Amino acid sequence: MDHQRYTMAKTRVWVFVALLIFLLFIGKKTRNPFPREDFHGRGIYVYNLSDGKVVFAKGEDEKIAPASLTKIMTVLLALEEGLDLDEITPVDKESYQEMVAENSSMAGFYGNEPTTFQDLLYGTLLTSGGECARSLAIHCRGNLNSFIEGMNEKAKELAMENTYFTTVEGLDMEGQYSTAKDMGILLKNALQNQDFERIFTKDEYLSTATPSHPEGIPIRSTVLSKISPEEQKGFEILGGKSGTTPLNGKSWAVLAEKNNKRYLIISYGAFGNGEPQKEDVLQILERL
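Residues numbered from 1 in each chain as written. Predicted model: local features only at pLDDT ≥ 70, side-chain atom pairs only at ≥ 80, totals over all residues. Heavy atoms only, no water.

Caption draft 1: Molecular detail of the overall build of the protein. Looking only at helices and strands, one finds nine helices and seven strands in the protein. Here the protein holds 288 residues, and 48% of them are scored as buried. Within the protein, contacts between residues separated by at least 24 positions form 62% of all contacts whose residues are at least 6 apart in sequence. Carbon and sulfur atoms make up 51% of the accessible area of the protein, which totals about 14200 Å². (Helix = DSSP H or I, 4+ residues; strand = E, 2+ residues; numbered from the N terminus. Buried < 20%, exposed > 50% of the residue type's maximum accessible area, 1.4 Å probe, protein only. Contact = heavy atoms within 4.5 Å. Areas by Shrake-Rupley, 256 points an atom, 1.4 Å probe, with all protein chains shown as cover.)

This is the structure:
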């Protein structure tokens, strides 16, 4: 009888241990690596380019002013005009003056400076130069309104259902909005353009020599310049575009690689001290 009770007790212990192991295993498998409260961005969108699927999304359809992420569309549309990259394309003087008055981010060119089309593309996408974005638009379509119409037509073509542009540089203006998901759709399509990908993933570019800048202007990525090798543990951020407005916070749209897979990561409308959008991107990449 004692042996029988011992055997039953031993069986119960083993059943309990097996159940505990099972629960721990299931808990590990189902634990959410992306708790929504861990991120600063009001909109987060993570897309696996290699596998063609959404990995994580939070507030991805919330409409927020896109700030300088707008320039992703500006550069894509300008590139689709098929112009010669080496063509002399002077900075529009009126645009330069307006951007200075608006305290816009600038690449450092002057009004009427004889830059090339390529200089303006790099100045728009890497260092977020307002004078470059407006000059591109005017050179391509003759005026800002016509170019902005083209931006919105392109947004419809790409099924960016919650996006509307009213500027080419992204300064706050009533009626302009987009979402983290739509910015992910835009970046995914823009990267299919080889010239866009080449510019987007460049760390630094030296502009053409001009009388005003005989040694050229060093133009650095506003994203890659803020990421050190030590911060990239097991992954690499290949390129990115930043955007900031006082009303709508800070945003990053990046292309990154981890475990031989490529990802698009959008942290949209983040508030907080320092670089909250950068914290979002690094946390996500560490957890993938």
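Caption draft 2: Representation of helix α2 (residues 70-79) within the structure. With ten of ten residues buried, α2 lies mostly within the body of the structure. Burial in α2 covers these residues: Thr70, Lys71, Ile72, Met73, Thr74, Val75, Leu76, Leu77, Ala78 and Leu79.

Caption draft 3: Here's a closer look at the packing of helix α4 (residues 117-125) against helix α5 (residues 130-141). Their axes nearest at 8 Å, the elements α4 and α5 cross at an angle of 135°. The angle between α4 and α5 places the two elements in the oblique class. Helix-helix and strand crossings are classified by hand; for α4 and α5 the assignment is left-handed. Touching Phe117, Leu120, Leu121, Gly123 and Thr124 of α4 are Cys132, Ala133, Ser135, Leu136 and Cys140, all from α5. Here the residues of the contact of α4 with α5 are counted per class, giving seven nonpolar, three polar and no charged. (Axes fitted to C-alpha atoms, helices over the stretch in contact; angles between N-to-C directions. Parallel < 35°, antiparallel > 145°, perpendicular 65-115°, else oblique. Left-handed = near helix turned anticlockwise from the far one by under 90°. Nonpolar A, V, L, I, M, F, W, Y, C, P; charged D, E, K, R; others polar.)

Caption draft 4: Structural view of the side chain of Thr74. Along the chain, Thr74 turns up in helix α2. The residues touching Thr74, leaving out its near neighbours within four places in the chain, are Ala133, Phe147, Met151 and Val168.

Caption draft 5: Inspection of the nonpolar core at higher detail. Grouped together as the largest cluster of nonpolar side chains are 53 residues, with contacts concentrated most on Leu121, Phe147, Met151, Met160, Leu186 and Phe196. Take this core: its biggest share by element is seven residues, from α2. Excluding residues within four positions of it along the chain, Met151 makes contact with Thr70, Met73, Thr74, Leu77, Phe165, Thr167 and Val168. With 19 residues, the next largest nonpolar core counts Phe39, Val223, Tyr263 and Ile284 among its residues. (Core = buried A, V, L, I, M, F, W, Y, C linked by side-chain atoms within 4.5 Å.)

Caption draft 6: Summary view of the side chain of Thr167. The topology assignment puts Thr167 in the loop between α6 (144-157) and α7 (180-190). Only 2.8 Å separates the side chain of Thr167 from the backbone nitrogen of Gly170, close enough to count as a polar contact. Not counting the four nearest positions on each side in its chain, Thr167 is found in contact with Thr70, Ile148, Met151, Met173 and Gln176. (Polar contact = N/O pair within 3.5 Å; in protein donor to acceptor, adjacent residues only side chain to side chain.)

Caption draft 7: Focus on the pairing of strand β2 (residues 53-58). Strand direction decides the pairing type here: strand β1 (residues 41-48) and β2, joined by five bridges, are antiparallel. Residue Val46 lies in a different strand from β2, and its bridge partner there is Phe56. The turn joining β1 and β2, which pair antiparallel and follow one another in sequence, is formed by four residues; a positive phi near 70° is taken by Gly52. (Pairing = 2+ DSSP bridges.)

Caption draft 8: A look at α5. Along its twelve residues, α5 runs 17 Å from first to last C-alpha, staying within 8% of the 16 Å computed at 1.5 Å per residue. In terms of burial, α5 is largely enclosed, as nine of its twelve residues are buried. Packed against the buried residues of α5 are α2, α3 (93-101), α4 and α6. (Expected span 1.5 Å × (residues − 1).)

Caption draft 9: Looking closely at the pattern of salt bridges. Throughout the structure, instances matching the rule amount to 15 salt bridges. Note that Asp195 and Arg198 form a salt bridge whose closest N and O atoms lie 3.0 Å from each other. Linking Asp195 with Arg198, this pair stays in helix α8 (residues 194-200), spanning three residues, or about one helical turn. With relative accessibility at 31%, the residue Asp195 sits in the partly exposed group. When the shortest N-O distance is used, the salt bridge between Glu231 and Lys278 registers 2.9 Å. Highlighted residues: Glu231 in the loop between β4 (218-220) and β5 (235-245) and Lys278 in helix α9 (residues 276-287), separated in sequence by 47 residues. (Salt bridge = Lys/Arg side-chain N within 4 Å of Asp/Glu carboxyl O.)

Caption draft 10: Fine view of the pairing of β1. Summarising burial for β1: seven of the eight residues are buried, a large majority. Two elements, β1 and strand β7 (residues 261-270), share seven bridges in a ladder whose sense is antiparallel. Each residue of the ladder has a partner; that of Tyr47, found in β7, is Leu264.

Caption draft 11: Local environment of the environment of Arg198. Overall, Arg198 belongs to the partly exposed group, its relative accessible area being 33%. Along the primary structure Arg198 and Tyr122 are separated by 76 residues, whereas in three dimensions their C-alpha atoms are 9.8 Å apart. With residues up to four places along the chain from it excluded, the contact list for Arg198 reads Leu85, Gln118 and Tyr122.

Caption draft 12: Here's a closer look at the sheet that holds β1. Sheet architecture is open: five strands sit in the order β2-β1-β7-β6-β5, paired in antiparallel fashion. Each edge of the open sheet carries a strand with a single partner, namely β2 and β5. In this sheet, neighbouring strand axes are inclined to one another by 10° on average, regardless of whether the strands run parallel or antiparallel. Pairing of strand β6 (residues 249-258) with β7, which is carried by eight bridges, proceeds in the antiparallel orientation. Residue pairing for β7: Ala256 is matched across the bridge by Tyr263. Helix-sheet contacts for α7 involve β1, β6 and β7, and the interaxial angle to β7 is about 140°.

The quantities given are spatial measurements derived from coordinates; they are silent on function.
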